[in-house]
Amino acid sequence: MLDRIASPWHVNSLALLLWLIGLIAIIGAYTYINGSVIARYPPVSRDEIWVLSASVKLAETGTLGSDMFRGFHGASEHFFIALPGYELLQALTFQIVGPSLVAARTVSLASGMIVIAGVGWLGLRWFGAAAGALAMLLVAYWQTGLLGYASGLPLTTVANTGRYDATALALTTVAVVLLDLTVTSRRLWLAVACGLAC
C-alpha cells in the first residue's frame, strides 16, 4: 500500500514509512505536552473571552452574535468582527462536549496538529523524508523570540489559546498543500478544495 501512495510523488516507501512514524511521534508528543497544560497555559486573555462568547451564543441559540458587544453595530446578532469559521468550529465543539475553556482551546490545538502535518508533508514532497521530519520538529518545537511569548515556542503558545490564529495558519497550510497537489495532479476537485481552504 505504501508503494501506491509513494510512487506518484517519487518518495521511497521506506522513507515514507519512517516519515509517517516521525509524524505520529511528533504529533503525539505535541498533543501530550500541550494537552496537559491547555487549561492553564497561557493565561486566559480578553480576546479569548470575546471569541468564546460568540461561539457559546452560536452553540446555544444558533445566532452568530456576542452579547458582550450588545449595542455595537448589531454585533449581538451579527458577529463578523473575527473569522466566522472559527466560531463555527468552536460552536460545533461545544455542541459535542459542552462549552468550556478546554473545549474552546481544543480547536486551536487541532489546528496546530494540522500545521505540523502540512509542513511535514511539504518538506517530504519537496526535499525528502529527512527534511519533512526536520520541518515538523522545527515548526513544533523551535524556540524563538519571534512573537515575544514567554515559552519561546510560537506554535505551542498560539495553538493553546481560544483564538483564531492557529486555525487561520492551519487553513493557509492546507491551501498550500492542496495547491501543490493540484499543480502535480491537475485534478479539478483539488483546485476547488484549495479555493475553499483559502
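Residues numbered from 1 in each chain as written. Predicted model: local features only at pLDDT ≥ 70, side-chain atom pairs only at ≥ 80, totals over all residues. Heavy atoms only, no water.

Enquirer: So what's going on with the packing of aromatic side chains? Residues and values would help.
Expert: Throughout the structure, instances matching the rule amount to two aromatic pairs. Consider the rings of Tyr86 and Tyr164, whose centres lie 6.5 Å apart with planes at 75 degrees: the pair is edge-to-face. In this pair, Tyr86 is assigned in helix α4 (residues 84-97) and Tyr164 in the loop between α7 (154-158) and α8 (165-185), connecting sequence segments 78 residues apart. With a relative accessible area of 2%, Tyr86 lands in the buried category. Sitting over the ring of Tyr164, Arg163 keeps its end group 5.2 Å from the ring centre. (Phe/Tyr/Trp six-rings, centres within 6.5 Å; stacked < 30°, edge-to-face > 60°. Helix = DSSP H or I, 4+ residues; strand = E, 2+ residues; numbered from the N terminus. Buried < 20%, exposed > 50% of the residue type's maximum accessible area, 1.4 Å probe, protein only. Lys NZ or Arg CZ within 6 Å of the ring centre and 35° of its normal.)

Enquirer: I'd like to hear about the packing of helix α2 (residues 13-35) against helix α5 (residues 101-127), residue by residue, with values.
Expert: Remark: α2 packs on α5, axes separated minimally by 10 Å, with the N-to-C direction vectors making an angle of 155 degrees. With respect to α5, the axis of α2 lies roughly antiparallel. With respect to the hand of their crossing, α2 and α5 are arranged in right-handed fashion. In this structure, α2 uses Leu16, Trp19, Leu23, Ile26, Ile27, Tyr30, Thr31, Asn34 and Gly35 to contact α5, whose residues at the interface are Leu109, Gly112, Met113, Ile116, Ala117, Gly120, Trp121 and Leu124. Residue composition of the contact of α2 with α5, by class: twelve nonpolar, five polar and no charged. (Axes fitted to C-alpha atoms, helices over the stretch in contact; angles between N-to-C directions. Parallel < 35°, antiparallel > 145°, perpendicular 65-115°, else oblique. Left-handed = near helix turned anticlockwise from the far one by under 90°. Contact = heavy atoms within 4.5 Å. Nonpolar A, V, L, I, M, F, W, Y, C, P; charged D, E, K, R; others polar.)

Enquirer: Lay out the nonpolar core with the relevant residues and their values.
Expert: Core analysis: the biggest nonpolar cluster contains 28 residues, and Trp19, Tyr30, Ile116, Trp121, Leu124 and Met136 have the highest contact counts within it. Looking at this core, the elements that each hand over two or more residues are α2, α5, α6 (129-141), α7, α8 and α9 (188-197). In this structure, Ile116 is in contact with Ile26, Ile27, Tyr30, Met136, Val139, Ala140 and Leu155, ignoring residues within four places of it in sequence. Counting 18 residues, the second-largest nonpolar core is a separate cluster that includes Leu64, Ala91, Ala103 and Tyr164. (Core = buried A, V, L, I, M, F, W, Y, C linked by side-chain atoms within 4.5 Å.)

Enquirer: Explain the side chain of Thr161 to me, using residue names and the numbers behind them.
Expert: Within the secondary structure layout, Thr161 lies in the loop between α7 and α8. You can call Thr161 buried: its relative accessible area is 10%. When residues no more than four places from it in sequence are discounted, the contact partners of Thr161 are Pro42, Glu48, Tyr86, Arg105 and Ser108.

Enquirer: Go over α6 with me, naming the residues and quoting the values.
Expert: Its 13 residues give α6 an end-to-end C-alpha distance of 18 Å, which sits within 8% of 18 Å, the value for a rise of 1.5 Å per residue. Among all positions in α6, only Ala129, Gly132, Ala135, Met136 and Ala140 are buried. On an axial view of α6, the arc spanned by its buried residues comes to 125 degrees, and they lie on one face. On its buried face, α6 sits against α2, α5 and α7. (Expected span 1.5 Å × (residues − 1). Arc of directions from axis to C-beta.)

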